[in-house]
Amino acid sequence: MTPRAEVLKDVVADLRMAASFVTVLPVASSKPAGDGAIARATWALPVAGLLVGLAGALVYKIAGRFGLTPSLAALLALAATTLITGALHEDGLADTADGLGGGRTRERKLEIMRDSRIGTYGVCALIVSFGLRWSALTAIASPWAVTLALCAAHIAARAGVPAFMSLVPPARPDGLSASAGAPPGRSVAIAFALGTLALALALGPGKALASLILLSLAGLFLAQLALRQIGGQTGDILGAFEQLGEILILLVAAAFQMGR
């Protein structure tokens, strides 16, 4: 096999691994998941996010064609993105809210985050997350603008995950995040570039800059909170980070849309 063919094979394997990791699509990679393969494939998370965003946008467009209002179309679009991801990130957000909000000690917080049951903090976090995203999409309304906003949100929200994993150590040695490993600098840089490009193309330079600033601040806040309370990040923390990213980008898109 030529070097170019080998590189292409690795790229396809990374894309499949990223898609299988954050969606329920039957595209599992043939590459072994061990030896840091998941960490190396994190550069492709924004590409997987594009698939999720396009799925939500398609549902929104179809709902509009059937005469549904923007509010109903937005709700269906959110349902579609939640289904295609298996509610992976929403589950992380809920577990993070329950663990950080309900536990008194580090050990108890981690125990709560591993519990499959959802508590009051988790329910409230999900209500706020869905409510803010639904309100933002309803305010944007235009199918094309919704498509751009959804794609930008799902790409860029995942583009920051490799950097978060690289900068914040795992909270426990046996968790999902620990087994994935720390992404190499190249994967972090590629993911960041893809996220930035998506924001600039979909929302424009001004909105992209505002989104990047807010994403950075949200990441710093969540990182400090996780380090202080549980000593690092977990898969649930990464899911919460992705949800924060989605919310912030959609709110930026909606705010600028309403200001026109």
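Residues numbered from 1 in each chain as written. Predicted model: local features only at pLDDT ≥ 70, side-chain atom pairs only at ≥ 80, totals over all residues. Heavy atoms only, no water.

Participant: Looking at this structure, how should I read the packing of helix H4 (residues 70-84) against helix H7 (residues 120-140)?
Facilitator: Two numbers describe a pair of packed helices, the interaxial angle and the distance between the axes. Between H4 and H7, the shortest axis-to-axis distance is 9 Å and the interhelical angle comes to 130°. One way to sum up the angle between H4 and H7 is to call them oblique. As for how H4 packs across H7, the hand of that crossing is right-handed. From H4, Pro70, Ser71, Ala74, Leu75, Leu78 and Thr82 reach across to H7, where they touch Phe130, Arg133, Trp134, Leu137 and Thr138. When the residues that make up the contact of H4 with H7 are grouped by side-chain class, the tally is seven nonpolar, three polar and one charged. (Axes fitted to C-alpha atoms, helices over the stretch in contact; angles between N-to-C directions. Helix = DSSP H or I, 4+ residues; strand = E, 2+ residues; numbered from the N terminus. Parallel < 35°, antiparallel > 145°, perpendicular 65-115°, else oblique. Left-handed = near helix turned anticlockwise from the far one by under 90°. Contact = heavy atoms within 4.5 Å. Nonpolar A, V, L, I, M, F, W, Y, C, P; charged D, E, K, R; others polar.)

Participant: Sorry if this is basic, but what is going on with helix H3 (residues 45-65) here?
Facilitator: The α-helix winds at 3.6 residues per turn, so residues separated by three or four positions along the chain end up facing the same way. If you check H3, its first and last C-alpha atoms are 31 Å apart, about what 21 residues at 1.5 Å a residue would give, namely 30 Å. Just beyond H3, the residue with positive phi is glycine 67, at close to 85°. (Expected span 1.5 Å × (residues − 1).)

Participant: Got a minute to help me understand the nonpolar core in this structure?
Facilitator: Side chains of a nonpolar character, in soluble globular proteins, are inclined to be buried together. Within the largest apolar cluster, 33 residues are counted, with the highest numbers of intra-cluster contacts made by Val161, Phe164, Leu222, Ile230 and Ile237. The greatest single-element share of this core, amounting to five residues, is contributed by helix H12 (residues 205-230). Excluding residues that lie within four positions of it along the chain, isoleucine 237 makes contacts with Thr96, Leu100, Met113, Phe164, Leu222, Ala226 and Ile230. With 26 residues, the next largest nonpolar core counts Ala73, Ala149, Ala156 and Leu215 among its residues. (Core = buried A, V, L, I, M, F, W, Y, C linked by side-chain atoms within 4.5 Å. Buried < 20%, exposed > 50% of the residue type's maximum accessible area, 1.4 Å probe, protein only.)

Participant: Sorry if this is basic, but what is going on with the packing of aromatic side chains here?
Facilitator: Describing an aromatic ring pair means giving the distance of the ring centres and the angle of the ring planes. One pass over the full model with this rule turns up one aromatic pair. Centre to centre, the rings of phenylalanine 164 and phenylalanine 241 are 5.0 Å apart; their planes meet at 35°, and the pair counts as tilted. Here the residue phenylalanine 164 occupies a position in helix H9 (residues 161-167), and phenylalanine 241 occupies one in helix H13 (residues 235-258), the gap between them amounting to 77 residues. Summarising the burial analysis for this pair, phenylalanine 164 and phenylalanine 241 share the class buried. The residue whose ring lies beneath arginine 133 is phenylalanine 130, and the NZ or CZ to ring-centre distance is 4.7 Å. (Phe/Tyr/Trp six-rings, centres within 6.5 Å; stacked < 30°, edge-to-face > 60°. Lys NZ or Arg CZ within 6 Å of the ring centre and 35° of its normal.)

Participant: I keep staring at the confidence of the model for the chain and nothing clicks. Help me out?
Facilitator: Fine structural detail should not be taken from predicted coordinates in areas where pLDDT scores are low. Taken over all residues, the pLDDT of the chain has a mean of 90, while the share at 70 or more is 92%. Element-level mean pLDDT values for the chain span from 66 in helix H10 (residues 176-180) up to 97 in H4. (pLDDT = per-residue confidence, 0-100.)

Participant: Hey, could you run me through empty space enclosed by the protein in this one?
Facilitator: Empty space among the atoms can be located by rolling a probe the size of a water molecule over them. Taken as a whole and judged by the stated rule, the model has one cavity of 30 Å³ or more. If you add up the space inside the largest cavity, you get close to 40 Å³. Along the walls of the largest cavity sit Met17, Ala18, Phe21, Ile38, Ala41, Thr42 and Leu45, which together make up its complete lining. The class makeup of the residues in the lining of the largest cavity is six nonpolar, one polar and no charged. (1 Å grid on protein atoms, 1.4 Å probe; cavity = no way out; pocket = protein on both sides within 12 Å on 5 of 7 lines; lining within 4 Å. Points joined across faces, edges and corners; volume = space filled by probe spheres on them.)

Participant: Explain H7 to me, please; I cannot follow it from the model alone.
Facilitator: Spanning 21 residues, H7 covers 30 Å between terminal C-alpha atoms, matching the ideal 30 Å at 1.5 Å per step. Gly122, Ala125, Leu126, Ser129, Arg133, Ala136, Leu137 and Ile140 are the residues of H7 that are buried. Angular distribution of buried residues about the axis of H7 spans 110°; they occupy a single face of the element. Facing away from the buried side of H7 by more than 90 degrees, the exposed set consists of Thr120 and Ile127. Two residues or fewer after H7 comes alanine 141, characterised by a positive phi angle close to 70°. (Arc of directions from axis to C-beta.)

Participant: For this particular structure, what's the right way to read the environment of leucine 201?
Facilitator: Here leucine 201 shows up in helix H11 (residues 185-203). The exposed category is assigned to leucine 201, whose relative accessible area is 68%.

Participant: In this structure, what is going on with the pattern of salt bridges? I would like to understand it.
Facilitator: Opposite charge on two side chains makes pairing possible when the charged atoms of those side chains draw close. This model, assessed by the stated rule, comprises five salt bridges. Between glutamate 90 and arginine 133 there is a salt bridge; the shortest N-O distance is 3.4 Å. Highlighted residues: glutamate 90 in helix H5 (residues 88-102) and arginine 133 in helix H7, separated in sequence by 43 residues. Judged by relative accessible area, which is 6%, glutamate 90 ranks as buried. Between aspartate 115 and arginine 117 there is a salt bridge, with its nearest N and O atoms 2.7 Å apart. With relative accessibility at 63%, the residue arginine 117 sits in the exposed group. What emerges from the salt-bridge pattern is a single network uniting Glu90, Arg133 and Glu246. (Salt bridge = Lys/Arg side-chain N within 4 Å of Asp/Glu carboxyl O.)

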